[in-house]
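So the chains spell out like this:
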Amino acid sequence: MTLHADLDAVLRKHLKYVDGEALDPDRPLRDLGLDSMRAIDLLFALEDTFHVVIPDELLTDHTFATGRSLQVTVDRLRRQATQPTDG
Amino acid sequence: MIAERYRDAVATVTAVAEVHAAGNDRHAVFPKEALHELRETKLLGLLVPAEYGGPGGELDDLVDITIELGRHDLSVAMIFAMHCQQVRTLACCAGPRLRAQVLPAVAEGELYLASVTTEPSTGAQLLVSGSTTSLVAGQVVVDRMAPIVTGGSHADAFLITVRSPDGSPNQVDLVYATADQLTAEVTGTWDALGMRATESVPMHLAGAVPATQIVSSHQDYRSIVATVFAPVAHLGWAAAWLGTALGAYSRVIGHIRGPAGRRGFDPGSDLLKTRLATCRANLDVTHALLRHTARAIATDSDIARTGVQLLVNTLKTESAVRCFEVVHELVELAGLRHGYLPDSPLRLERSFRDLRSASLNFGNDRLRLVNGSLALMDTRSDLV
């Protein structure tokens, strides 16, 4: 699995220790320089780019653990946003 | 209130600290007399669990005793509190072998532990380290500059943050090393405005220690910082600052009530009363926040959650501001003779210089940035 190009691009801007290679989806983002202050900036960037709202209950270390965990979360929220609602 | 079993020991330490505080401050030298008493009375082992020969003291005991030490000498209180922070971290987070190796000696007063977290490149950030290490034949090779090490040249052992062997700067390990395992070179002097007796010298630490002395691997280091290292540090610092502000305040009240003060102050003055009330309010608010945070740390099922982390950081920033405000107000109230001259028995001048460090000791600005970010992650804003 590789990350979507647009997610890779957003992530890259908030990680201090990345090189030119494509991001390893399973590399812990903390190791690449994500800290609590950068995490909030990343959160806003993700919401703006993918037109989703990440609810409080998903603002956990688990969600922000890796590129893969973020991609899974964003994909699910986008699917939910486009599903037709009853009535 | 200090538990009965520690009262005599604390009184012994404060009596000695009191005698030497002015001289140690003047010459910017470590309170080795008070450290000697902390060893002899076994107070250095306060937080060592009973199974390792300690009294199994709780965080409330740390707070009570640190406040009392702070009333007499802020440098001694900080040295004690920071040592206890290292002990608590080892007791909670080290492997069984390292615990058994270190804690009984701490309980006996044989080991005074210093903390090495500051770095030339990253300041006091706990979660980033520029100090690279390597792992050679089961040994962690440490070679590290540390700009500020409280009591560094008097410590028997250190807890040191380093970058994990071959890791990125965000992969940090906490390593235990005894002074005789390292070459610990003091590379400069400590000639500061206040906190002069902490003798917080710059050091170069180099040597190799067995990999079994890694307290954390980087996977759980972050959780150690969030649940033990930072909360216990903030509790200890706040208690020390509160003690010093409280000591200054109580000396001023005693002076005003005494014969000499009655000649110099008008106890009927509205200005004097409102100033004292403002000081007392700051002391009470700080004390309430300190006890509330201590309870949260002792009882909350998830100390790493956002609300508790916000509270723990707020304790640090607010106690730093308010305790300094107290002594600043007392200087204003006491005037030039008793507020500004170092030979006044009220010792406001030293308390003022010492407490000026509070907002800088892990900078309030930096901690507020962290708290601002955490606040944005907490839409419901549930208070702890």
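Residues numbered from 1 in each chain as written. Chains lettered and ligands numbered in written order. Predicted model: local features only at pLDDT ≥ 70, side-chain atom pairs only at ≥ 80, totals over all residues. Heavy atoms only, no water.

Participant: In this structure, what is going on with the overall build of chain A? I would like to understand it.
Facilitator: Secondary structure assignment for chain A yields 3 helices and 0 strands. Element order for chain A, N to C, with α for helix and β for strand: α-α-α. Here the C-alpha radius of gyration of chain A, 13 Å, is about what a compact globule of 87 residues would show, namely 12 Å. Based on the C-alpha atoms only, the size of chain A along its principal axes is roughly 50 × 25 × 20 Å. Within the span of chain A, comprising 87 residues, buried residues form 43% of the whole. Residue pairs in contact within chain A that sit at least 24 positions apart in sequence constitute 50% of those at least 6 positions apart. (Helix = DSSP H or I, 4+ residues; strand = E, 2+ residues; numbered from the N terminus. Rg over C-alpha atoms; globule rule 2.2 N^0.38 Å. Buried < 20%, exposed > 50% of the residue type's maximum accessible area, 1.4 Å probe, protein only. Contact = heavy atoms within 4.5 Å.)

Participant: Can you help me understand the overall build of chain B in this one?
Facilitator: Across its full length, chain B carries 11 helices and 7 strands. What you see for chain B is a C-alpha radius of gyration of 21 Å, in line with the 21 Å of a compact globule of 384 residues. In terms of principal-axis extent, the alpha carbons of chain B reach across some 75 × 50 × 40 Å. The 384 residues of chain B split such that 57% are buried. Across chain B, contacts joining residues at least 24 apart in sequence account for 73% of those joining residues at least 6 apart. About 15600 Å² of surface is accessible on chain B, with carbon and sulfur atoms providing 54% of the total. Both charge centroids of chain B, one from 34 positive and one from 41 negative side chains, sit 5 Å from each other. (Areas by Shrake-Rupley, 256 points an atom, 1.4 Å probe, with all protein chains shown as cover. Lys, Arg positive; Asp, Glu negative; His and termini not counted. Charge placed at Lys NZ, Arg CZ, Asp CG, Glu CD.)

Participant: Teacher, can you tell me more about the layout of surface pockets here?
Facilitator: Empty space among the atoms becomes apparent when a probe as large as a water molecule is rolled across them. By volume, the second largest pocket amounts to about 240 Å³. Asp-56, Glu-57, Leu-59 and Thr-60 of chain A together with Arg-305, Thr-306, Gly-307, Met-377, Asp-378, Arg-380 and Asp-382 of chain B together form the lining of the second largest pocket. Partitioning the lining of the second largest pocket into residue classes produces 2 nonpolar, 3 polar and 6 charged. (1 Å grid on protein atoms, 1.4 Å probe; cavity = no way out; pocket = protein on both sides within 12 Å on 5 of 7 lines; lining within 4 Å. Points joined across faces, edges and corners; volume = space filled by probe spheres on them. Nonpolar A, V, L, I, M, F, W, Y, C, P; charged D, E, K, R; others polar.)

Participant: Any chance you could explain the interface of chain A and chain B here in plain terms?
Facilitator: Many authors give the size of an interface as the accessible area that is lost as the parts come together. Across the boundary between the two partners, chain A contributes 13 residues, which contact 16 residues of chain B. Approximately 1300 Å² of surface area, both sides summed, lies buried where chain A meets chain B, with 59% of it carried by carbon and sulfur atoms. Summed over the shared surface of chain A and chain B, the result is 0 salt bridges. Counting every contact that joins chain A to chain B gives 3 residue pairs in polar contact (both at pLDDT 80 or more). The residue makeup of the side of chain A that touches chain B, split by class, is 7 nonpolar, 2 polar and 4 charged. (Buried area = accessible area lost by both parts, 1.4 Å probe. Salt bridge = Lys/Arg side-chain N within 4 Å of Asp/Glu carboxyl O. Polar contact = N/O pair within 3.5 Å; in protein donor to acceptor, adjacent residues only side chain to side chain.)

Participant: Which parts of the structure should I look at to understand the environment of His-154 of chain B?
Facilitator: Residues and elements named next belong to chain B. For His-154, the location among the structural elements is in the loop between strand E3 (139–149) and strand E4 (157–163). The exposure class assigned to His-154 is partly exposed, which follows from its relative accessible area of 25%. When the C-alpha positions of His-154 and Leu-113 are compared, they lie 9.0 Å apart, and in sequence the two are 41 residues distant. The residues contacting His-154, other than those within four sequence positions of it, are Phe-30, Arg-39, Tyr-112 and Glu-199.

Participant: Could you clarify how one ought to interpret the domain arrangement of chain B in this entry?
Facilitator: Residue and element names in this part refer to chain B. Each assigned domain of chain B is listed with its residue range as follows: domain 1 (4–111), domain 2 (114–213) and domain 3 (221–377). The interface of domain 1 with domain 3 comprises 25 residues on the first partner and 28 residues on the second. For the domain 1 and domain 3 pair, buried surface summed over both sides reaches about 2200 Å², with 64% attributable to carbon and sulfur atoms. There are 3 salt bridges connecting domain 1 and domain 3. Among the salt bridges present, the one from Arg-347 reaches Glu-18, with a minimum N-O distance of 2.6 Å. Where domain 1 packs against domain 3, one counts 7 residue pairs in polar contact (both at pLDDT 80 or more). (Domains from an automatic or database assignment.)

Participant: Hey, could you run me through the sheet that holds strand E1 (residues 113–116) of chain B in this one?
Facilitator: Neighbouring strands of a sheet are bound in pairs by backbone hydrogen bonds; such pairs are parallel or else antiparallel. All names here are of chain B. Reading across from one edge, E1-E4-E5 is the order of the 3 strands in this open sheet, with mixed pairing throughout. Single-partner strands in this sheet number two, and they are E1 and strand E5 (172–178). Taking the axes of each pair of neighbouring strands and ignoring which way they run, one obtains an average angle of 25° across the sheet. Across the sheet, helix H4 (residues 74–93) is in contact with E1, E4 and E5; its angle to E1 comes to roughly 85°. (Pairing = 2+ DSSP bridges. Axes fitted to C-alpha atoms, helices over the stretch in contact; angles between N-to-C directions.)

Participant: What exactly am I supposed to notice about the UniProt feature "domain: Acyl-CoA dehydrogenase/oxidase N-terminal" (unreviewed entry) in chain B here?
Facilitator: Taking the UniProt record as the reference, the feature "domain: Acyl-CoA dehydrogenase/oxidase N-terminal" (unreviewed entry) is found at residues 15–110 of chain B. Strand forms 0% of residues 15–110 of chain B and helix 71%; the C-alpha atoms that close the span are 21 Å apart. (UniProt positions renumbered as here; feature names shortened; annotations may be inferred.)

Participant: For this particular structure, what's the right way to read the nonpolar core?
Facilitator: One recurring pattern in soluble globular proteins: nonpolar side chains tend to sit buried together. Residue and element names in this part refer to chain B. Leu-90, Phe-158 and Tyr-176 are the most contacted members of the largest nonpolar core, which totals 119 residues. With 20 residues, helix H6 (residues 218–257) is the largest single contributor of residues to this core. Dropping the residues within four chain positions of it, Phe-158 is found in contact with Ala-114, Val-116, Val-149, Gly-152, Val-175, Tyr-176, Ala-177, Ala-179, Leu-182, Met-203 and Leu-205. (Core = buried A, V, L, I, M, F, W, Y, C linked by side-chain atoms within 4.5 Å.)

Participant: Just checking my understanding: could you explain the packing of aromatic side chains for this structure?
Facilitator: The description of an aromatic ring pair uses the distance of the two centres, along with the angle that the planes make with each other. Residues and elements named next belong to chain B. Summed over all chains, the structure comprises 3 aromatic pairs over all chains. With 6.2 Å between their ring centres and 40° between their planes, Trp-237 and Trp-241 make a pair best called tilted. With Trp-237 and Trp-241 both in helix H6 and 4 residues apart, this pair spans about one turn of that helix. Residue Trp-237 shares its accessibility class with Trp-241, and that shared class is buried. Between the aromatic rings of Phe-324 and Phe-352, the centroid separation amounts to 5.0 Å while the plane-to-plane angle is 50°, which identifies the pairing as tilted. Taken together, the positions of Phe-324 in helix H9 (residues 306–340) and Phe-352 in helix H10 (residues 348–355) put the pair 28 residues apart, joining distant regions of the chain. What makes Phe-324 buried here is its relative accessible area of 18%. Taking the relative accessible area as the measure of exposure, Phe-352 reaches 27% and is therefore partly exposed. Across the ring face of Phe-324, the terminal group of Arg-356 is positioned such that the distance to the ring centre comes to 5.6 Å. When the ring centre of Phe-362 is taken as origin, the NZ or CZ atom of Arg-366, which lies over that ring, is 5.8 Å away. (Phe/Tyr/Trp six-rings, centres within 6.5 Å; stacked < 30°, edge-to-face > 60°. Lys NZ or Arg CZ within 6 Å of the ring centre and 35° of its normal.)

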